[in-house]
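Analysis of the macromolecular model
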Amino acid sequence: MKALLQQQLNTIIAELQYPAIDINFDTPKMEAHGDLTSNAALLLAKTVGKNPRQVAQSIVERLKIDDSFLSAVEIAGPGFINFRFSTKYVVEQATKILKEYHSFGKSQAGNGKKTNLEWVSANPTGLLHAGHGRQVLIGQVIGNLLEWTGHDVTREYYFNNAGNQMRTLAESIYARYRQELGDDYPLPDEGYKGEYITDIAKEIIAAKGDTLKQTDEERTYFKRYGEEWCFKKIKLTLARLNVKHDVFYNEDSLYTTGKITEVIEEFKKKDLAYDSEGAVWFRATKFGADKDRVIVKSTGEPTYRLPDIAYHREKFRRGFELIVDIFGADHIATIPDVLNGVNALGYDTKDVKVIIHQMVSFVNGDEIVKMSKRNAKTYTLDDLIDEVGVDAVAYFFVMRSVGTHLEFDIALAKEQSDKNPVYYLQYAHARIASILRHAATAEIHVDDVATLLATTDFSLIKEKEEIDLLKKLLAFPEIVKSCAFSFEPHRLTTYLREVAETFHRFYHEHRVINDDKQLMQARLTVCLMTKIVIANGCKILSVSCPEKM
RNA sequence: GAUCCCGUAGCUCAAUUGGAUAGAGCAACAGCCUUCUAAGCUGUAGGUUCCGCGUUCGAUUCGCGGCGGGAUCACCA
């Protein structure tokens, strides 16, 4: 429809000898403004030197209106051209929801673009804490959105199992190990204080007894055991949220394959790096930073910036055309350096999309929930899932735009009532499922879509609430696309809420199960279409949609 | 002090990425269940979109300057 109108408007504009412009259509916010609107006349008015309403008038006069598509074309406000769809057109379009069913909403807009999505990437030194949930789910939903829009997505988890943090992990476990064996052995100053460290130590005692009291300098056994233990837990937590990464990329491989030194040498050759005070520095000031950054410490160990740069170069080398990184706001300072570094190596950073999400705070009703890392009792993501359930976790973490601080109300999330937005959506789905069960007893079987399409008199769908609902449902593919291309998953939750709302209104106004079997069948298809859209949307959100509540 | 994010109804947040009369949910008030799930629906009330200037047909959205909140500013990741 858009393409058709666009073509027509373009020809008319050419006929009128107006300058060619990009014609786009919006869906008006207000119902009175029709189903599609174009601001073409407003854009033309200035260059043409006419009143925008006159411009609109001259365009509309030449428009050939096919009334099987459009019921009205109006000029409104300062010069908008508003189009209103015919009922027939809307209903006809809606049948494709049934035809496409589980894939309604999918598109090939991404053209199979090879896409790397990297997120979570927590090092195996501990458990995922509740705050990690935001990143976990933003990434999960963005991954799903990219797949629904025809991107070839590789889900990647980047980790570092060497360096300071792992040493600290090993020392911490060792200290607890000694303590559990009754020795007076202190936890290192910067050691991990979490209870899980003691759990790990106890496991090691169970397996090895006190035979590891004398270990090598590197605490190799403790390091490896701790890493495996943490990774196992992290993966289990992710699995509860249906998150599965395709690739676990080990930072260490960048060293063993020489990628790190390669980057240093290349930087030095381009005079982007230099030696000073025993360290190697990156000329960040050349890119507008306030000071240069150390990329190799005087100890010989690189700082995180260097491997990050090398890693991103490897992503390009691996053939990815779109690179998506998701970071929390606490990592914001490092991003410019990495992008500048990658850029200096000759890659176009416009293909790197960095999504920075703001932090999460937790409240329990009126009470602020503290979750300091220093505290021994951390509130883990598992704890949160245990407390409020998978669906609430999945929904709540993506329901706000990534750029805004998220307040997660635990009391609200676990409340099984109308206050909780997850239930509003799931309730709509369950309600539909219930209606469809009634239909089965009336011998209409909605699971046979082919028969349904062949035998339903769709012209019986004509009530305002039905048409409003179908229009809303038909917007789904566009919503999926715009969420995917803007990397804004929260808009999907907003949209699905609107779908549920529009459905509830329809339900309230019109009985589905009734004596007029033809009418009942027509309305059942409306219900089924709604169910399909909610189910597909929930699938993208990783939220379940129950048949009964 | 610098950089980035945010500031919208009493509270939590939307706003089709520059569009028309700024919308939802909670909370408040008033209604709606002998009929398909009331975990629902309808109505009322609630606003100087932090302030100021600018850009233009048009600004919550873009630019500049303030104010307020958060994050970051390591030879930690």
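Refer to the preceding data block for the structure.
Everything quoted here is computed from the prediction, not taken from an experiment.

In this section: helix 7 (residues 195-208). For helix 7, built from 14 residues, the straight-helix expectation of 20 Å at 1.5 Å per residue is met to within 8% by its first-to-last C-alpha distance of 20 Å. For helix 7, every residue scored as buried is listed here: Tyr196, Ile197, Thr198, Ile200, Ala201 and Ile204. Two residues or fewer past helix 7, glycine 209 is found with a positive phi of approximately 60°.

Not every one of the 67 residues close to RNA strand B is listed here, only the nearest: Lys29, Tyr427, Arg431, Ser434 and Glu488. Within the contact set of RNA strand B, a base nitrogen lies 3.3 Å away from a side-chain nitrogen or oxygen of glutamate 277. Measuring from a base nitrogen of RNA strand B, one finds a backbone N or O atom of histidine 510 at 3.4 Å. Those elements that place two or more of their residues in the surface near RNA strand B are helix 2 (40-48), strand 4 (80-85), helix 16 (421-441) and helix 20 (490-509). Residue composition of the surface near RNA strand B, grouped by class: 21 nonpolar, 27 polar and 19 charged.

Now for the pairing of strand 5 (residues 114-118). Of all five residues that make up strand 5, four are buried, and the element is covered over most of its length. Sheet topology places strand 5 next to strand 6 (residues 152-159); five bridges connect them, and they run parallel. Bridging from a neighbouring strand, lysine 114 pairs with aspartate 152 of strand 6. In the classification by handedness, the crossover that spans strand 5, the intervening helix 5 (residues 132-148) and the parallel strand 6 is right-handed. The sheet contact formed by strand 5 and strand 11 (residues 322-328) spans four bridges and is parallel. From the neighbouring strand, threonine 115 faces strand 11, where its bridge partner is leucine 322.

The next point concerns the pattern of salt bridges. Tallied over the full model, the rule gives 38 salt bridges. The residue aspartate 35 makes a salt bridge to lysine 471 at a minimum N-O spacing of 2.9 Å. Taken as a pair, aspartate 35 in the loop between strand 1 (25-26) and strand 2 (36-38) and lysine 471 in helix 18 (residues 464-474) lie far apart in primary sequence, 436 residues in all. Its relative accessible area of 12% is what places aspartate 35 among the buried residues. When salt bridges with common partners are traced through the structure, they connect Lys259, Glu262, Glu266, Arg313, Glu314 and Arg317 into a single cluster.

Cut-offs used in this document
Residues numbered from 1 in each chain as written. Chains lettered and ligands numbered in written order. Predicted model: local features only at pLDDT ≥ 70, side-chain atom pairs only at ≥ 80, totals over all residues. Heavy atoms only, no water. Helix = DSSP H or I, 4+ residues; strand = E, 2+ residues; numbered from the N terminus. Expected span 1.5 Å × (residues − 1). Buried < 20%, exposed > 50% of the residue type's maximum accessible area, 1.4 Å probe, protein only. Near = heavy atom within 4 Å. Polar contact = N/O pair within 3.5 Å; in protein donor to acceptor, adjacent residues only side chain to side chain. Nonpolar A, V, L, I, M, F, W, Y, C, P; charged D, E, K, R; others polar. Pairing = 2+ DSSP bridges. Right-handed = clockwise from strand over helix to strand, strands pointing away. Salt bridge = Lys/Arg side-chain N within 4 Å of Asp/Glu carboxyl O.

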